[in-house]
Amino acid sequence: MAKTSAGRYFEDFRIGDVIRHAVPRTVTAGDVALYTALYGPRFAMQSSDAFARAVGYPQAPVDDLLVFHVVFGKTVPDISLNAVANLGYAEGRFLAAVYPGDTLTATSEVIGLKENSSRRTGVVYVRSTGWRQDGEKVLEYVRWVMVNKRDEAARPHAELVPDLATLVEPAALGAACPRIDTAAWDFGLSGAPHRFGDYAVGEKIDHVDGMTVQEAEHQLATRLYQNTAKVHFNQFLQVRTRIGRRLIYGGHVISLARALSYNGLANVFHIDAINSGSHVSPLFASDTVFAWSEVLGTADLPGRDDVGALRLRLVATKDRTCEEHPLRVGHDYEPGVILDLDYWALVPR
Amino acid sequence: MAKTSAGRYFEDFRIGDVIRHAVPRTVTAGDVALYTALYGPRFAMQSSDAFARAVGYPQAPVDDLLVFHVVFGKTVPDISLNAVANLGYAEGRFLAAVYPGDTLTATSEVIGLKENSSRRTGVVYVRSTGWRQDGEKVLEYVRWVMVNKRDEAARPHAELVPDLATLVEPAALGAACPRIDTAAWDFGLSGAPHRFGDYAVGEKIDHVDGMTVQEAEHQLATRLYQNTAKVHFNQFLQVRTRIGRRLIYGGHVISLARALSYNGLANVFHIDAINSGSHVSPLFASDTVFAWSEVLGTADLPGRDDVGALRLRLVATKDRTCEEHPLRVGHDYEPGVILDLDYWALVPR
Amino acid sequence: MAKTSAGRYFEDFRIGDVIRHAVPRTVTAGDVALYTALYGPRFAMQSSDAFARAVGYPQAPVDDLLVFHVVFGKTVPDISLNAVANLGYAEGRFLAAVYPGDTLTATSEVIGLKENSSRRTGVVYVRSTGWRQDGEKVLEYVRWVMVNKRDEAARPHAELVPDLATLVEPAALGAACPRIDTAAWDFGLSGAPHRFGDYAVGEKIDHVDGMTVQEAEHQLATRLYQNTAKVHFNQFLQVRTRIGRRLIYGGHVISLARALSYNGLANVFHIDAINSGSHVSPLFASDTVFAWSEVLGTADLPGRDDVGALRLRLVATKDRTCEEHPLRVGHDYEPGVILDLDYWALVPR
């Protein structure tokens, strides 16, 4: 009767299982300040209560990615403690704004299972949901991870690869964003004049700046999210692995790239949906992260003339600048690419 | 008339002296977030206002150890600036819950003095008390430290080794914990099903996970506590000592071990008393901390059927895993053991 | 039509230009906690709401230098992204206290331009102002920076070296400080007995302690201030420069030195004005900072008998202790000196 949890192995998951995750977490102004110190985001909406109030929010909302990381962190002990790799994301939607003082909890439903041909691992698909203390959903997303088996001889209870949308439909966007008073949007304060109509499909933007990551920084971040994955924290263990180093939480890369993207996307104030995403290659301490974006699409929001949606690809690299927009050579990613994220975000019209 | 303080030396202390420590400190949600980022604690009570309210607290209380570190930090400039080693703790009691917005101050009474046979150092015993802005005591504990003498020829004003309890009596427990509504305790959210009755004397729990410490992390922590001990911050000085490195504040180890102990003690929500404790060996940056616990005793709380008390030994190691529960070989501690702490904590029944 | 900003070059500035800077920033208790963790300040006024209320503030004010760094950070993308060096400060005045919840914005007026004889750079003088959400000025200061030219052949629109005061007049002091009830000032809690009258012109104080800086620490700080200067963050770029390392934001040194100065200036609770300042030499990670102060002058505040002003020189060194008060040899600074700051600060009478 062990009191400690060793996490689930592949054969422990069953399709249809709904897992309530520990630990409820009240997000505060302290978390917001740490998020700023860790990534340096400059989006006016999340940075200033006064700016947020002027355009229609009750106060500055918590950064969408901080909400994502807190919800993600809760799922780790139950879903990915024995994971080999975080393979992908889909059908991510931000459903309600979160403010300091709100308490978040999370649940996950197992929606797919597929054993790998090696029989030593399998892929687990879960739909995870973040909840606010009042029962509102704040976030929903699918992720799939490669999980070790405890016993190679064990077989999955059933196998199913879920049919996932490659794109969140524009009709589903906007839920977490109140009506924006665009006349009150101060483009001087937000840092750039570009509105929805200024972005064109196919446009590529090099975000110019780079950020070198220290071991202490990603550990502070990942603990802040109460993410318990051993690979991020335990050098004594890591030194005995093939990699030899602590792996940086993939979400840390997303947040760094998003913060860098301010330089070019200053008015892109809200991540609304995640269409797909993959961590192409790991990041390690002392690497420098760069980023570039491509406008993959644009969309109107049904019934709204205040904001429009941009479908953006956000690519992060390590130790490689992005003026040439590195992405793929044939089917492979170019050297240095570490993140390929496809998301919807809102911009004032 | 120097305006700077060089701290007290052994011969400056007199039994019966009561020292009021500078600096009052308002604890905020910012401190709580930093504490989470520094150690990654996951106890639901301190993590969630909603959880805390449901079971009977007005909001999430500040982590007991954050309170301890803030009070301890105030005592350093007056007690241990010229200390050689922090030798032990006893009779520690948490007397009132602390919430964000409360302001803490501290006093210490000198209760014992004993010169060492070398005549170059002596042991100072103090009973330190943490106070809330409204005059309530929030914490009391005895610690003893080995302090340098300014002048080897100086003699102590008097010598006395105080008679200290080896154990805080169960009758003295519970002061900082309001009545808990155990029916409202959500064991799914707290992360494990184990109640008071599930723990047996003699039970040993390996907390499995390890945490590697970076120089920046312990410096951020120790400054947050306004602890001014030079050995933690000044590499220019340390490199000229026998050790050659910055020493990590012992309280940092206690907090890391306590956070790791969530894996096995998820519902052990409140440190109520510290029976004894010693920092067996120093921790340095880049070491990895592991921990295990032993149930040394259990106790009912007089007049309370909501919570019970576990007497726990918390052992921390560095660069050594704890599946074999390393502790002693004969009278000596095993290699790798860095902390041996004996405390009372509360669990719902 | 690039959407990213490459920053202004020397020839882009015109005398009289007024630049509104992005990004508005609400300062919170989270920022205050991080500031404490980054520098370890112990001034009672900023540390304790209870102390601040007792003497006449509505609550603990935000540290003056945190306000300075936030305002400074906003000016970087518009003023000093292409700067070679931050040359000096003058006419700095703190005009209103800032409390958690206040939102800060910034503007700068170009007040001087001078091309350097090399024709490759020029000096830009700006008067920057920090504003509170209600339209109050909270801070004003002049700084001058050496900025690269985009095109060596370009000529400045006009040249002018502004006539700057070498000293803020005492009559201008006190604006950000409410009337202090000195009878309620608890010199036990503040940590030292010294009042205005205890400091004499010419007095020099070695602040004794040293603080070693880690790469993660200054990056966290500088991102917290949303300061985007590349030299602080991008090791990939820095390694290709003559210096080879990340440069630490000069303001980080000021905050470290000010925090160290508590040991000797415990009751010097408010930085009121900056007369002049220069970053003599750069600081790098793993260097240890020490500091000393000299009383350059004292002044009464017109119509106030509660507080007096000390004119202080604050000198910071790296990897050199300050018992000998290192400063100049002839016209040059002594080796190890990194900061020479001349400021006014308030002390209770």
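What counts and how
- Residues numbered from 1 in each chain as written.
- Chains lettered and ligands numbered in written order.
- Predicted model: local features only at pLDDT ≥ 70, side-chain atom pairs only at ≥ 80, totals over all residues.
- Heavy atoms only, no water.
- Helix = DSSP H or I, 4+ residues; strand = E, 2+ residues; numbered from the N terminus.
- Rg over C-alpha atoms; globule rule 2.2 N^0.38 Å.
- Buried < 20%, exposed > 50% of the residue type's maximum accessible area, 1.4 Å probe, protein only.
- Areas by Shrake-Rupley, 256 points an atom, 1.4 Å probe, with all protein chains shown as cover.
- Polar contact = N/O pair within 3.5 Å; in protein donor to acceptor, adjacent residues only side chain to side chain.
- Contact = heavy atoms within 4.5 Å.
- Buried area = accessible area lost by both parts, 1.4 Å probe.
- Salt bridge = Lys/Arg side-chain N within 4 Å of Asp/Glu carboxyl O.
- Least-squares fit on C-alpha atoms with pLDDT ≥ 70 in both.
- Nonpolar A, V, L, I, M, F, W, Y, C, P; charged D, E, K, R; others polar.
- Domains from an automatic or database assignment.
- Phe/Tyr/Trp six-rings, centres within 6.5 Å; stacked < 30°, edge-to-face > 60°.
- Lys NZ or Arg CZ within 6 Å of the ring centre and 35° of its normal.
- Pairing = 2+ DSSP bridges.

**Some details on the overall build of chain A**
Part 1: Of regular secondary structure, chain A possesses 8 helices and 13 strands.
Part 2: Here the C-alpha radius of gyration of chain A, 20 Å, is about what a compact globule of 349 residues would show, namely 20 Å.
Part 3: Dimensions of chain A along its principal axes, counting C-alpha atoms only, are 65 × 45 × 35 Å.
Part 4: Counting over 349 residues, chain A shows a buried share of 65%.
Part 5: For chain A, the computed accessible surface area is about 11,700 Å², with 50% contributed by carbon and sulfur atoms.

**Brief notes about the side chain of K3 of chain A**
Part 1: If you trace the backbone, K3 of chain A turns up in the segment before strand 1 (18-26).
Part 2: Taking the relative accessible area as the measure of exposure, K3 of chain A reaches 10% and is therefore buried.
Part 3: Reaching out from K3 of chain A, the side chain makes a polar contact with the backbone oxygen of D198 of chain B at a distance of 2.8 Å.
Part 4: Engagement of the side chain of K3 of chain A in a polar contact is seen with the side chain of E203 of chain B, the distance being 2.4 Å.
Part 5: For K3 of chain A, the contacting residues outside a window of four places in its chain are H194, D198, Y199, E203, I205 and G264 of chain B.

**Structural notes on the interface of chain A and chain B**
Part 1: Contact with chain A, which involves 33 residues of that partner, is made by 47 residues of chain B.
Part 2: Both faces combined, the contact of chain A with chain B buries some 3,100 Å², and carbon together with sulfur accounts for 58% of it.
Part 3: In terms of surface lost to chain B, no three residues of chain A exceed K3, R223 and F236 of chain A, which account for 25% of the buried area on that side.
Part 4: The salt bridge involving K230 of chain A is made with D209 of chain B; its shortest N-O contact spans 3.1 Å.
Part 5: Across the chain A-chain B interface, the total number found is 19 residue pairs in polar contact (both at pLDDT 80 or more).

**Examining the relation of the copies chain C and chain A**
Part 1: Overlaying chain C on chain A yields an RMSD of 0.0 Å, the required transformation being a rotation through 120 degrees with an accompanying axial translation of 0.0 Å. On the angle and the small slide along the axis, the relation comes out as a three-fold axis. Of the C-alpha atoms belonging to chain C, the one lying closest to the rotation axis is found on G30 of chain C, 2.2 Å away.

**Brief notes about the interface of chain C and chain A**
Size of an interface: often given as the accessible area lost when the parts come together.
Part 1: With 33 residues of chain C at the contact, the number on the chain A side is 46 residues.
Part 2: When the two sides are added together, the surface that chain C and chain A hide from each other amounts to roughly 3,000 Å², 58% of it contributed by carbon and sulfur.
Part 3: The largest per-residue losses of area from chain C upon contact with chain A belong to K3, R223 and F236 of chain C, which jointly make up 25% of the total buried on that side.
Part 4: The tally of links from chain C across to chain A stands at 4 salt bridges.
Part 5: Among the salt bridges present, the one from R20 of chain C reaches D186 of chain A, with a minimum N-O distance of 2.7 Å.
Part 6: Summed over the shared surface of chain C and chain A, the result is 19 residue pairs in polar contact (both at pLDDT 80 or more).
Part 7: Top element by residues in the side of chain C that touches chain A is strand 1 (residues 18-26) of chain C. It accounts for 7 residues.
Part 8: Looking at side-chain class alone, the side of chain C that touches chain A contains 11 nonpolar, 14 polar and 8 charged residues.

**Some points on the relation of the copies chain A and chain B**
Part 1: Once chain A is rotated about the relating axis by 120 degrees and shifted along it by 0.0 Å, it coincides with chain B to within an RMSD of 0.0 Å.
Part 2: Here only 12% of the contact residues of chain A are again contact residues in chain B; the copies associate through non-equivalent surfaces.

**Description of helix 1 (residues 29-39) of chain A**
Residue and element names in this part refer to chain A.
Part 1: For helix 1, a buried count of 9 out of 11 residues is recorded, marking the element as mostly surrounded by other parts of the structure.
Part 2: Listing the buried residues of helix 1 in full gives G30, D31, A33, L34, Y35, T36, A37, L38 and Y39.
Part 3: The backbone nitrogen of G30 lies 3.0 Å from a side-chain oxygen of the residue at the head of helix 1, namely T28.
Part 4: Immediately beyond the C-terminal end of helix 1, within one or two residues, lies G40, with a positive phi of roughly 70 degrees.

**Observations regarding the domain arrangement of chain A**
Residues and elements named next belong to chain A.
Part 1: Looking at chain A, the domain boundaries give domain 1 (1-27 + 62-163) and domain 2 (165-349).
Part 2: The distance between the C-alpha centroids of domain 1 and domain 2 comes to 21 Å.
Part 3: Summed over both partners, the interface of domain 1 with domain 2 buries about 2,400 Å², with 56% contributed by carbon and sulfur atoms.
Part 4: At the boundary of domain 1 with domain 2, the tally comes to 0 salt bridges.
Part 5: Taken together, the connections running from domain 1 to domain 2 amount to 13 residue pairs in polar contact (both at pLDDT 80 or more).
Part 6: At the level of elements, strand 1, helix 4 (64-79) and strand 2 (83-94) are the ones that each hand at least two residues to the side of domain 1 that touches domain 2.
Part 7: In terms of residue class, the side of domain 1 that touches domain 2 is built from 16 nonpolar, 5 polar and 6 charged.

**Some remarks on the packing of aromatic side chains**
Part 1: In total, this model carries 36 aromatic pairs over all chains according to the counting rule given.
Part 2: Taking the centre distance of 5.9 Å and the plane angle of 40 degrees together, the rings of F68 of chain A and F72 of chain A count as tilted. With F68 of chain A and F72 of chain A both in helix 4 and 4 residues apart, the pair spans about one turn of that helix.
Part 3: The buried category is assigned to F72 of chain A, whose relative accessible area is 4%.
Part 4: One aromatic cluster in this structure is built from F68, F72, Y89, Y141, Y225 and Y249 of chain A.
Part 5: K3 of chain A extends its terminal NZ or CZ atom over the ring of Y199 of chain B, reaching a point 4.5 Å from the ring centre.
Part 6: A cation over an aromatic ring shows up here: R240 of chain A above the ring of F236 of chain A, its NZ or CZ 4.0 Å from the ring centre.

**As for the pairing of strand 4 (residues 121-132) of chain C**
Residue and element names in this part refer to chain C.
Part 1: Most of strand 4 sits out of view: 10 of its 12 residues are buried.
Part 2: As defined by bridge partners, strand 3 (residues 103-115) adjoins strand 4 across 11 bridges and the pair is classed as antiparallel. Counted as the bridge partner of V110 is V126 from strand 4.
Part 3: Once strand 3 ends, the chain turns through 5 residues before running back antiparallel as strand 4, passing R119 with a positive phi of about 70 degrees.
Part 4: Note: strand 4 against strand 5 (residues 137-148), 11 bridges, orientation antiparallel. Across the sheet, W131 pairs through a bridge with K137, a residue of strand 5.
Part 5: Linkage of strand 4 to strand 5, two consecutive antiparallel strands, is achieved through a turn of 4 residues, within which G135 is found at a positive phi near 90 degrees.

**What about the pattern of salt bridges?**
Part 1: This model, assessed by the stated rule, comprises 71 salt bridges over all chains.
Part 2: Taking the shortest distance from any N to any O, the salt bridge between R25 of chain A and D31 of chain A comes out at 2.9 Å. For the residue pair R25 of chain A and D31 of chain A, the accessibility class agrees, reading buried in each case.
Part 3: A salt bridge links E115 of chain C to R155 of chain C; the nearest nitrogen and oxygen atoms lie 3.0 Å apart. A residue pair is termed long-range when its members are at least 10 positions apart, and E115 of chain C in strand 3 and R155 of chain C in the loop between strand 5 and helix 5 (187-190) qualify at 40 residues.
Part 4: On the accessibility criterion, E115 of chain C (7% relative accessible area) is buried.
Part 5: Residues joined in a network through salt bridges with shared partners are E115, R119, K149 and R155 of chain A.

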